[in-house]
Amino acid sequence: MGTIWLTVCGILIIIFQASHVACYTCAPGFDSDIITFKVPGEQLRQGMRLGKVNFTDCTDRTTFLFSTDDDHFMVQIDGTLVVKRQVLLHEGHRDFFIHSWDSQGHKLTVSVMVLHQDGHHLENQIPQNHRTEVDSETAADQHVSVLHFPKSDEGLRRRKREWILPPINIMENTRGQFPQKITQVRSDEAKKIHYSISGSGADQPPVGLFIMDKDSGILYITQALDRESQATYTLLAHAVEEGSSATLENVLEVRINVVDQNDNKPVFTNDTFAGDFAENSPIGFEVIKVEATDADDPGTDNADIRYRIVSQEPQEPSASMFVIDPVTGGIRVDADGLDREKYPQYTLVVEAADMGGVGLTGNTKVILSVTQSKDNAPDFIRPATADDQHVPVINFPKSDEGLRRRKRGWVIPEISVLENARGKFPQKITQIRSDGDKEKKIYYSITGPGADLPPVKLFTIDRDTGVLYVTQPLDREKQAVYVFKAHAVAEGSGQAEQPMDIIVKVSDQNDNHPVFSQSTYLGEVAEASPLGHEVIQVNATDLDEPDNLNSIIRYSIVSQDPKEPSDKMFVINEVTGMIRVNSGGLDREILPQYTLVVRAADGEGKWLSTEAKVILKVTDSNDNAPVFTQSSYEASVPENKVDAVVIKMEVTDGDEPNSPAWNSKFKIILGDPGNFFTVETGPNKQEGILKTVKGLDFERSSKHTLVVTVENEVPFAVPLPTSTATVVVTVLDVNEPPIFNPQEKQVSQPEDLAVKSHVTDYTASDPDTARKQKVMYRMISDPAGWLNVDSENGRITVKSKMDRESPFVKDNRYMALIGAYDNDELPATGTGTLFIQLEDVNDHAPSIVERDFRICNKKPAPQTLTVVDKDGPGFSAPYRVSIPSSGKSNWTATMDSNKTSIKLGLALELEPGVYKVMLRVADVGGLDQDSTVQATVCDCTGEDVECQDMRAAAVSGLPFILGILGGILLLLMLALLLILFARRRRTEKKELLLEDDDIRDDIYYYDEEGGGEDDQDFDLSVLHRGLDNRPEVFRNDVIPNFMPAPQYRPRPANPDEIGNFIDDNLKAADNDPTAPPYDSLLVFDYEGGGSDAGSLSSLNSASSGDQDYNCLNEWGPRFKKLADMYGGGEDDML
């Protein structure tokens, strides 16, 4: 009975265990349906780590490939979620998906929410049993691990095995601000402790990569790490009591591992792979293998490379002729149909991608050549006669079983022929035979390059025996391989065998000497060069077969001249040809040049050789410092002058002239905190030119004291003192223009500001405080002519009415330029810009845009008329409309719902015709205007307006008829007046504006010469006779448009401003509508009556010798001709 119970219990236990195991069957995927990452702030910076997602594929793998559908985040292979680009959580959270794949390649997805910790209301919407929460840390409050020194009260050695500090992992290529905290080292001693670190990366190269705060023990990293440069760092942490050198703790070892990131793409071992294979290669035959490497961590997916074929060219007879093993890179034949005659070559583009094929990629090109294959293997036999030269015999492949069926089986071997062979020619090299020669007479022949193609008859064949001959020595350097075809023809029955390829390979002999790239090499070596310094590299090549002893070159130095101070001053690398300094004692002054004879020999330096000459010039080292010729300089420069040469400072140098050790460069080291000066090196390299970079200010500083130093273009070879010079620069005062404060002034005024009203005061100050000058003002630019400026105090007033809606106003702002000038002998003028913000007033009544329309007289649709107002908001809409009493009976007018458009309709049915409708429209301020619109009333119904018979209709019958009659009467009266005026003109003597026979272009008439010398009270106004004195002449061909009168500039006190004065007033006159001539000819056809004065002809006055005309020379170039005529100038000497 007990046994039965035990059995039952055992069965129950097994069933329970089986059910227990079944309950815990592994399922690939994420550990929850939704993962929430809590962050303390709404702004997530780049590189911030938010936490980890847990994923398993039910294998031993701990790293996986993840992807997200939000490019602002990335998931590293260990599941760490990192901010890829800066994110701002506008709504307090951000949702996206993370994907990964199990071992079977199935894609698994989890929903992720990045949640700002203030957004707790979103948490209640997620079921707790399907949610995983991960708290993230901000960069500012980043927690770092704290490493405590092991306590030694029980003996360090006894407990040594218990202390195993885990390594600190740091991701390579970390971004952000440096230095960054990575850990903290602390001692439990209750004393003031100073911490330090040593080792590689601290006080050993790379020095300063890791630093430690001596008070807190916090360990920092100062820059981003690169795992490919160094994957592990081992530091030693020390703790020392303050004020003592005694060590309080045993040294603590801190190990830092650099965690790999996928920052290296795969690289193929070759840029191009080349291979060949027979056209009868079976499916699955491996043609070639490609290989790529990845510098990332080999134990991670970052270096897990997969291969694939990107493209195949040509894609015939199949687009997938080849397949590649994604792991090994082996390329195999994958389809039938290879045919060398049709497709002799295939080009593949192969891609290598890390991360198991989904990461970074690299490409290479694979060129595959298809070779021909034969039906039967060739047989090699010896010739029958013993006295013949023994050569191999190649039999034509048998074809009794069909050429195509056995095509894949055989490859004809190459025939090797040594180049430069000696002896009698022709020489036998092989024999070709057909098995059919026992039954029939066979004739042999060859075709192809070397036979019947160039080089012709290099190879010949005995047509009866099939013996193949070479007729002359071969040269591998000209052609290394010959391929031609052999043919067998049966006597009387045609071709006995299929043509066979014969390949002759020319074997290399050491028949070429190495050749230097130059017969003479020129180089330079500094006299202070250290031992091992590389001076120059020589290079030689050999035309013999590469990778053969015949072309492997070694270099050596045969001789050195001179041999002082040592006969081995230089040494050469026998493989690379690099010549280096091997001994000290180079001295340019004693031995300025060395000549070396260098030998290059093939056979690894034992066989054929060639020599070249290497001339090395010993250059000067910088062992002499440049020195100023003076210790101090004084100079002056006007203020405000930029790029002005202040002074030139000469130096001397004992080194070789025009060498980098002799050429000087200058620098200001003291006295120029404002960077006002620069020192350039002169063309002769021994001169420093001090210039101004910015304008100097006399009022701020009238003197500058500079300290200038001089050095060479190359550093000193030995420690030398640096020469300095003191330069005292005196700033000369010049008259500067007044300066407005501010340069641009803005004021706001209503557009209806009254004339002569005060706008603003715009004043300037004179920076020349020592001159005590007076500042005066003038208007430089006032496009609309609205403003005046008081010349004494800069007060701006209104000259004419302003208008915000004027074309001179942009964005409600009007711009004017104000000038301020001083009263110096040569006045200087400064400019200020005044912006007047014009405030809108209700000075424009609204108007109607549409002035004519059509409307049906039966059931018409109301017409919409748009109302516009030049005034701005507040003085425009809403509008009001009304119809005067004369039109109210026929028309109705109302505003739309927005009070911006008029709805005009018929009050009753009107007769078809044209009607004038007057509408009175007022804006929100009550300013109104009457507008007349023309309405064409058509005989139609509804909205579709169709006008057929148009008749004019009057708004009121009797007034309209009276108006027509009045117009006709007015036209009759006007015609009568014109007839009377024409008759009156016939009776008047017409004075011509220009004479009819005048053929002048630009000749002006002056028929009045004015009074003579005896006439003291003559009238000069006659000289102005022209259009002004001809009131009956009207200018009626061009009517000037309305333009505001320009502002003419007053005559300046400064003579230097005369040019600008003329240009400004010329421009003003061009824009003045009141100034003649409006692009027409000015006529002066009256010069006055007779003159009491005698003739001014030089014929009458030249006889007088008492008059002195030398004063004409003082009147300027315009009187030069008169001075020459009357003063005995150049003309008298002709």
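These figures come from a predicted structure and were not determined experimentally.

Q: Would you explain the overall build of the protein in this entry?
A: Within the protein, the regular secondary structure consists of six helices and 73 strands. Taken over 1134 residues, the protein has a buried fraction of 36%. Across the protein, the fraction of contacts at a sequence separation of at least 24, relative to all contacts at a separation of at least 6, is 66%. As displayed, the protein has an accessible area near 66,600 Å², and 51% of this comes from carbon and sulfur atoms.

Q: Got a minute to help me understand the environment of A784 in this structure?
A: For A784, the position within the fold is in the loop between β61 (775-781) and β62 (787-789). Taking the C-alpha atoms as reference points, A784 and Q1047, 263 residues apart in sequence, are found 9.1 Å from one another.

Q: For this particular structure, what's the right way to read the environment of G436?
A: Its place among the elements puts G436 in the loop between β33 (427-433) and β34 (442-447). Put simply, G436 and E497 are 61 residues apart on the chain and 8.7 Å apart in space, counted from C-alpha to C-alpha.

Q: Got a minute to help me understand the sheet that holds strand β45 (residues 570-572) in this structure?
A: Whenever strands of a sheet pair, they do so through backbone hydrogen bonds, lying parallel or antiparallel. One open sheet accounts for three strands, arranged β42-β46-β45; its pairing is antiparallel. Edge positions in the sheet fall to β42 (534-537) and β45, since each has one partner strand and no second. The average angle at which neighbouring strand axes cross in this sheet is 25°, direction not considered. With three bridges joining them, β45 and strand β46 (residues 578-581) adopt antiparallel strand pairing. Considered in β46, the bridge of I572 is made with I579.

Q: Which parts of the structure should I look at to understand the packing of aromatic side chains?
A: One pass over the structure, following the stated rule, counts 23 aromatic pairs. Ring geometry for W891 and Y915: centres 6.5 Å apart, planes at 70°, overall edge-to-face. Taken together, the residues span a long stretch of sequence, with W891 in strand β70 (residues 891-895) and Y915 in strand β72 (residues 913-922) at a distance of 24 residues. For W891, a relative accessible area of 5% corresponds to the buried category. The exposure class assigned to Y915 is buried, which follows from its relative accessible area of 5%. The ring centre of F676 lies 4.9 Å from the NZ or CZ of K694, which sits over that ring. Against the face of F835 rests R813, its NZ or CZ located 4.0 Å from the ring centre.

Q: Would you take a moment to explain unusual backbone geometry for this structure?
A: Peptide bonds are, in most cases, trans, and in most cases residues other than glycine have a negative phi. A cis amide bond links F178 with the next residue in sequence, P179, at an omega value of 0°. Checked against the element boundaries, P179 lands in the loop between β14 (168-171) and β15 (180-186). Here E316 and P317 are connected by a cis peptide whose omega angle stands at -5°. Relative to the elements of secondary structure, P317 occurs in the loop between β25 (306-313) and β26 (322-324).

Q: Would you mind going over the state of the cysteines with me for this structure?
A: A covalent bond between the sulfur atoms of two cysteines is referred to as a disulfide. Counting across every chain of the model gives two disulfides. Paired through a disulfide, C856 and C940 show a sulfur-sulfur distance of 1.9 Å. Taking the sign of the S-S torsion, about -105° here, the bridge from C856 to C940 comes out left-handed. Here C856 is found in strand β67 (residues 852-858), whereas its partner C940 is found in strand β73 (residues 928-941), with 84 residues between them in sequence. What makes C856 buried here is its relative accessible area of 1%. Residue C938 pairs covalently with C947 via a disulfide, S to S 1.3 Å.

Q: Teacher, can you tell me more about the environment of D462 here?
A: Mapped onto the secondary structure, D462 falls in the loop between β35 (459-461) and β36 (467-470). The class for D462 is partly exposed, based on a relative accessible area of 28%. Along the backbone, D462 and Q431 are 31 residues apart, and their C-alpha atoms lie at a distance of 9.0 Å. Excluding its chain neighbours within four sequence positions, the residues that come into contact with D462 are Y444, V467 and Y469.

Q: Before we go on, may I ask you to explain helix α4 (residues 1058-1070) in this structure?
A: Side chains of residues three or four places apart in an α-helix project in the same direction, reflecting 3.6 residues per turn. With 13 residues, α4 ought to run about 18 Å at 1.5 Å a step, and its terminal C-alpha atoms sit 18 Å apart, in line with that. By the burial criterion, the buried members of α4 are F1061, N1065 and A1068. Each buried residue of α4 sits inside an arc of 55° when the element is viewed along its axis, so together they form one side. Along α4, the residues that are exposed and aim more than 90 degrees away from the buried face are K1067 and D1070.

Q: Please clarify how the confidence of the model for the protein should be interpreted in this entry.
A: Detailed reading of the predicted coordinates is not advisable wherever pLDDT falls low. Residues with a pLDDT of 70 or more make up 78% of the protein, whose mean pLDDT is 78. Residue range residues 1129-1134 is modelled with pLDDT below 50. Its contacts to residues more than four positions away, or to other chains, number 10 contacts.

Q: I'm lost on the sheet that holds β67 in this one. Help?
A: The strand order across the open sheet built from four strands is β67-β73-β72-β69, with neighbouring strands paired in mixed fashion. At either end of the open sheet lies a strand with only one pairing partner, and these are β67 and β69 (880-882). Along the sheet, successive strands turn relative to each other by an average axial angle of 40°, direction set aside. The sheet contact formed by β72 and β73 spans 10 bridges and is antiparallel. Note on β73: the bridge partner recorded for A922 is D928.

Q: In this structure, what is going on with a nonpolar patch on the surface? I would like to understand it.
A: Residues I961, L962, I964, L965, I968 and L972 make up a contiguous nonpolar surface patch of roughly 590 Å² in combined accessible area. Mapped onto the elements of the fold, L972 is located in helix α3 (residues 957-987). In this structure L972 comes out as exposed when scored by relative accessible area, which is 57%.

Q: Explanation requested: the side chain of R227 in the structure shown.
A: The topology assignment puts R227 in the loop between β18 (218-221) and β19 (232-241). We classify R227 as buried; its relative accessible area is 13%. In this view, R227 contacts E172, V258, D260, A295, D296 and D297; residues no more than four positions away in its chain are not counted.

Q: Please clarify how the pairing of β73 should be interpreted in this entry.
A: In summary, the side chains of a regular strand alternate between the two faces of the sheet. Where β67 and β73 come together, six bridges link them in parallel fashion. Counted as the bridge partner of D852 is Q934 from β73. The hairpin formed by β72 and β73 contains five residues between the paired strands, and G926 there has a positive phi angle of roughly 90°.

Q: Explain the pattern of salt bridges to me, please; I cannot follow it from the model alone.
A: Two side chains carrying opposite charge are able to pair once their charged atoms lie near each other. Evaluated as defined, the whole model comprises 23 salt bridges. The partner of R308 in a salt bridge is E351, and the shortest N-O contact between them spans 2.8 Å. Taken together, the residues span a long stretch of sequence, with R308 in strand β25 and E351 in strand β28 (residues 345-353) at a distance of 43 residues. Since its relative accessible area comes to 43%, R308 is described here as partly exposed. In this structure, R588 and E656 form a salt bridge, with 4.0 Å as the shortest nitrogen-oxygen distance. Here R588, found in the loop between β46 and β47 (593-601), pairs with E656, found in the loop between β51 (645-652) and β52 (664-670); they are 68 residues apart in sequence, far enough to count as distant. Salt bridges linked by common partners bring R476, E477 and D508 together as one network.

Each value, and the rule that gives it
- Numbering of residues starts from 1 in each chain and follows the order in which that chain's sequence is written.
- This being a predicted model, a pLDDT of at least 70 is required before a residue's local features are given, and a value of 80 or more before pairs of side-chain atoms are given or counted; all residues contribute to the totals for chains, interfaces and linings.
- For side-chain calculations, the full set of non-hydrogen atoms in the structure is used, while hydrogens and water are omitted.
- Helix and strand definitions here come from DSSP, where helices need a minimum of 4 consecutive H or I residues and strands a minimum of 2 consecutive E residues; each element is numbered from the N-terminal end.
- Buried means the residue's accessible area, taken with a 1.4 Å probe over protein chains only, is under 20% of the maximum for its type, while exposed means over 50%, and partly exposed covers the values in between.
- Only heavy atoms matter for contacts: two residues are in contact if any of them lie within 4.5 Å across the pair.
- All accessible areas in this document rest on Shrake-Rupley with a 1.4 Å probe, and a residue is counted as covered only by the protein chains that are shown.
- In short, DSSP must find at least two bridges between two strands for them to pair.
- In this analysis, axes come from line fits to C-alpha atoms, helices being fitted only over the stretch in contact, and the angle between any two N-to-C directions falls in the range 0 to 180 degrees.
- Classification of ring pairs rests on two measures: the distance between centres of Phe, Tyr or Trp rings, Trp counted by its six-membered ring, which must be within 6.5 Å, and the angle between planes, read as stacked under 30 degrees, edge-to-face over 60 and tilted in between.
- Placement of a positive charge over a ring is assigned whenever Lys NZ or Arg CZ falls within 6 Å of the ring centre and within 35 degrees of the normal to the ring plane.
- Disulfides are defined as cysteine sulfur pairs within 2.5 Å.
- Multiplying one less than the number of residues by 1.5 Å gives the expected span of a helix.
- The directions from the helix axis to the C-beta atoms form the arc being described.
- Per-residue confidence from the predictor is given as pLDDT, running between 0 and 100.
- Within this analysis, patches are made of residues with over 30% relative accessible area and no salt bridge. Like charges are joined at 9 Å or less; nonpolar side chains (Val, Leu, Ile, Met, Phe, Trp, Tyr) at 5 Å or less.
- The salt bridge definition used is simple: a Lys or Arg side-chain nitrogen within 4 Å of an Asp or Glu carboxyl oxygen.

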